[in-house]
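# Structure at a glance
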Amino acid sequence: MRFGSRIAHLRSHLPLPFPLSPPSYPRCKLSHSASAASAAASKDCQLKEESNEFLSWLQKKAGVEISSMLSIGNSVYGRSLFASKYIRAGDCILKVPYNVQMTSDRFPSEIEPFLVHDVGNISRLAVVLLAEQKLGQNSGWATYISNLPRKDEMHNTIFWSKDELEMIRSSPVYQETFDKKAYIVKEFSALRPALEHFPQTFGDVRLEDFMHAYALVSSNCELVSLMVPHSYISSMGDLEGHIFDFLNHDGTSDAILLSDEDNKISEVIADRDYDIGEQVMIRYGKFSNATLLLDFGFTLPYNTYDQVQIWMDAPFHDPLYQIKLELLQNHCLPRIVDASGFNSSKSSFVIKEVKSTSGKGQGIPQALRAYCRVLSATSLEELKALTVEAAENDGRLARRTLTDRDREIQAHRMLLSQFIPMIEDHDAALKVLESSNQFSVRRQMAKDLLKGELRVLQSACAWLTNYCENIC
Ligand SMILES: C[S@@+](CC[C@H](N)C(=O)[O-])C[C@H]1O[C@@H](n2cnc3c(N)ncnc32)[C@H](O)[C@@H]1O
């Protein structure tokens, strides 16, 4: 049985977002015209040598052919896979047996008793990476470990400075970054006594080393973990030199990593034809720029999967506050358990770009509109009527248009009043970012993130305005 949807439809041509680089092999010719070109060419040659070494190692270990159609080279996204032969849509271009994907079983069992509390899979793999790093040249993975991005080359927001994070203060990613950092700190404090107990295995591991290892694991293995069952989730291979690690993300690609449970292999099937030398990319997932930035450290200039997380709460001064809260919770509307384990009164919703302002299309999530209808009630009678209506229908609360038009408009205006300040904040932040001509990778990422979220918020606002006008 295969996990992951098979390629939805095959296309004969898929435009890639950036010009394609040639495949790795012609790059070994050194250019004598410019020293920069010569340095780049020699880096490419070195990459090719290391990649070939790695491919033959992997092949030997797997005992089967991994890929006869791909080679590793450099692209605008760093290392990448290129077609070394003509590829047809539907060809299996990469096939890696589970047995060469090392598992988190490599987590040293002797440190287990020293853990303050259990830690997640990514933290376990980060520990495996730290142990290999400590081995230095004695590690079987030394070549690849030395090629891993350094901390200052990674752009996940957990590595952004306070000033850099200010650029995205208006985005929910700002808070999510702090939450993620707090989670990593918690994982590290659970691991620390164990790591300190084995200085010969790990050396002196500081929080920043662990954070770096954690980010390396999550940005490289995540695409694998999407498809591969948990016992096989990522591996040392995935960390620093697994062939999948060379695949870059194209949100418009229909090729994804598949997991064939019956044959115990992970594979990639081409979603279209590729000419020799073309870069081969896959879709890591239907990820928004927020997810890409937090977990992988990059953004797309235009991301169709962009979305915005919205937090809603009933106003404290509302005399019906407690009753509304209970009513919402009894009807299973999204409830949040905060970091300290308490039931938060807040609810979180995700909105995506609303394609049409005319009322057609996805609109605003029904659950969010229902939430606002409940919040807009001003009497116990109204709330009772909503409960009765829910019981008489499918049990879901406030899913129907309110019979009182003014109240229906009020409910949707409540949402508008939530979105408008967010739009203003995003707008203002973007103006500041655009006022500077100085280019910085992180500033560009902040812009991509804010622009995508602004697009989503504006589309939602237009939809709501139109809806309210229509009812009027
Ligand atoms: C699995 S690795 C892919 C190989 C990577 N290019 C390398 O040199 O190691 C994932 C990383 O590649 C980069 N990347 C992948 N797809 C990208 C894209 N569409 N735009 C920008 N960077 C991308 C990001 O840095 C990401 O964290």
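Residues numbered from 1 in each chain as written. Predicted model: local features only at pLDDT ≥ 70, side-chain atom pairs only at ≥ 80, totals over all residues.

### Some thoughts on the overall build of the protein chain
Scanning the protein chain from N- to C-terminus turns up 14 helices and twelve strands. For the protein chain, the proportion of contacts with a sequence separation of at least 24, taken over those separated by at least 6, is 72%. (Helix = DSSP H or I, 4+ residues; strand = E, 2+ residues; numbered from the N terminus. Contact = placed C-beta atoms within 7 Å.)

### Structural notes on the site of the ligand
Lining the immediate environment of the ligand, one finds 14 residues, of which Gly-78, Arg-79, Asn-248, His-249 and Phe-298 sit closest. When residues of the shell around the ligand are assigned to their parent elements, the largest contribution, three residues, is made by strand S3 (residues 78–83). Looking at side-chain class alone, the shell around the ligand contains five nonpolar, seven polar and two charged residues. (Near = placed C-beta within 6 Å. Nonpolar A, V, L, I, M, F, W, Y, C, P; charged D, E, K, R; others polar.)

### Considerations on the packing of helix H11 (residues 366–376) against helix H13 (residues 405–435)
Two measures define how a pair of helices packs: the angle their axes make with one another and the distance between the axes. Packing of H11 against H13 leaves a shortest axis separation of 8 Å and a crossing angle of 115 degrees. Like other packed secondary-structure pairs, H11 and H13 cross with a definite hand, here right-handed. Counted together, Leu-368, Cys-372, Arg-373, Leu-375 and Ser-376 of H11 and Arg-407, Gln-410, Ala-411, His-412, Met-414 and Leu-415 of H13 form the full contact between these two elements. Class assignment of the residues belonging to the contact of H11 with H13 gives a composition of six nonpolar, three polar and two charged. (Axes fitted to C-alpha atoms, helices over the stretch in contact; angles between N-to-C directions. Left-handed = near helix turned anticlockwise from the far one by under 90°.)

### Brief notes about the environment of Ser-71
With respect to the element layout, Ser-71 can be found in strand S2 (residues 70–75). Take Ser-71: there are 22 C-beta atoms within 10 Å of it, and that puts it in the buried class. Each C-alpha atom, one on Ser-71 and one on Ser-417, is 53 Å from the other, the two residues being 346 residues apart in sequence. (Buried ≥ 20, exposed ≤ 12 C-beta atoms within 10 Å, placed from the backbone.)

### Considering the sheet that holds S2
Taken together, the four strands give an open sheet; going across it, the order is S2-S3-S8-S5, and neighbouring strands pair in mixed fashion. Every other strand in the sheet has two partners, leaving S2 and strand S5 (248–249) as the edge strands with one partner each. In terms of strand pairing, S3 meets strand S8 (residues 279–282) through two bridges, oriented antiparallel. Considered in S8, the bridge of Leu-81 is made with Val-280. (Pairing = 2+ DSSP bridges.)

### Thoughts on the domain arrangement of the protein chain
Looking at the assigned domains, one finds that the protein chain contains domain 1 (2–101 + 242–296), domain 2 (104–236) and domain 3 (307–471). Taken together, the contact between domain 1 and domain 3 spans four residues of the former and five residues of the latter. Broken down by class, the residue content of the side of domain 1 that touches domain 3 amounts to two nonpolar, two polar and no charged. (Domains from an automatic or database assignment.)

### Looking at the confidence of the model for the protein chain
Confidence in the prediction for the protein chain averages 81 pLDDT; 76% of positions are at 70 or higher. Contacts for the low-pLDDT stretch residues 1–33, under 50 throughout, to residues beyond four places or in other chains number 77 contacts. A low-confidence stretch, residues 222–241 stays under pLDDT 50, and its non-local contacts, those more than four residues away or across chains, total 65 contacts. If you check the scores for this complex, the pTM reads 0.83 and the ipTM reads 0.99. (pLDDT = per-residue confidence, 0-100.)

### A short note on unusual backbone geometry
Here the phi dihedral of Lys-264 falls at roughly 55 degrees; this positive angle occurs in a residue that is not glycine. Tracing the backbone through its elements, the reader meets Lys-264 in the loop between strand S6 (257–260) and strand S7 (265–269). With 12 C-beta atoms packed within 10 Å, Lys-264 lands in the exposed category. We note that Ala-398 has phi near 55 degrees; this positive angle belongs to a residue other than glycine. By the element assignment, Ala-398 lies in the loop between helix H12 (380–392) and H13.

### Some points on helix H5 (residues 172–197)
Its 26 residues give H5 an end-to-end C-alpha distance of 38 Å, which sits within 8% of 38 Å, the value for a rise of 1.5 Å per residue. Approximately 40 degrees is the largest bend angle found in H5, and it occurs at Leu-191, with the proline Pro-193 only one to four residues beyond. Those residues of H5 that fall on the buried side of the exposure criterion are Val-173, Thr-177, Lys-180, Ile-184, Glu-187, Phe-188, Leu-191, Ala-194 and Leu-195. (Expected span 1.5 Å × (residues − 1). Bend = angle between axes of the 7 residues up to and from the residue.)

### Side note on the environment of Ser-356
Position of Ser-356 relative to the elements: it lies in the loop between strand S12 (347–352) and H11. Residue classification places Ser-356 among the partly exposed positions, given that 13 C-beta atoms sit within 10 Å. Between the C-alpha atoms of Ser-356 and Arg-442, which are 86 residues apart in sequence, the distance is 32 Å.

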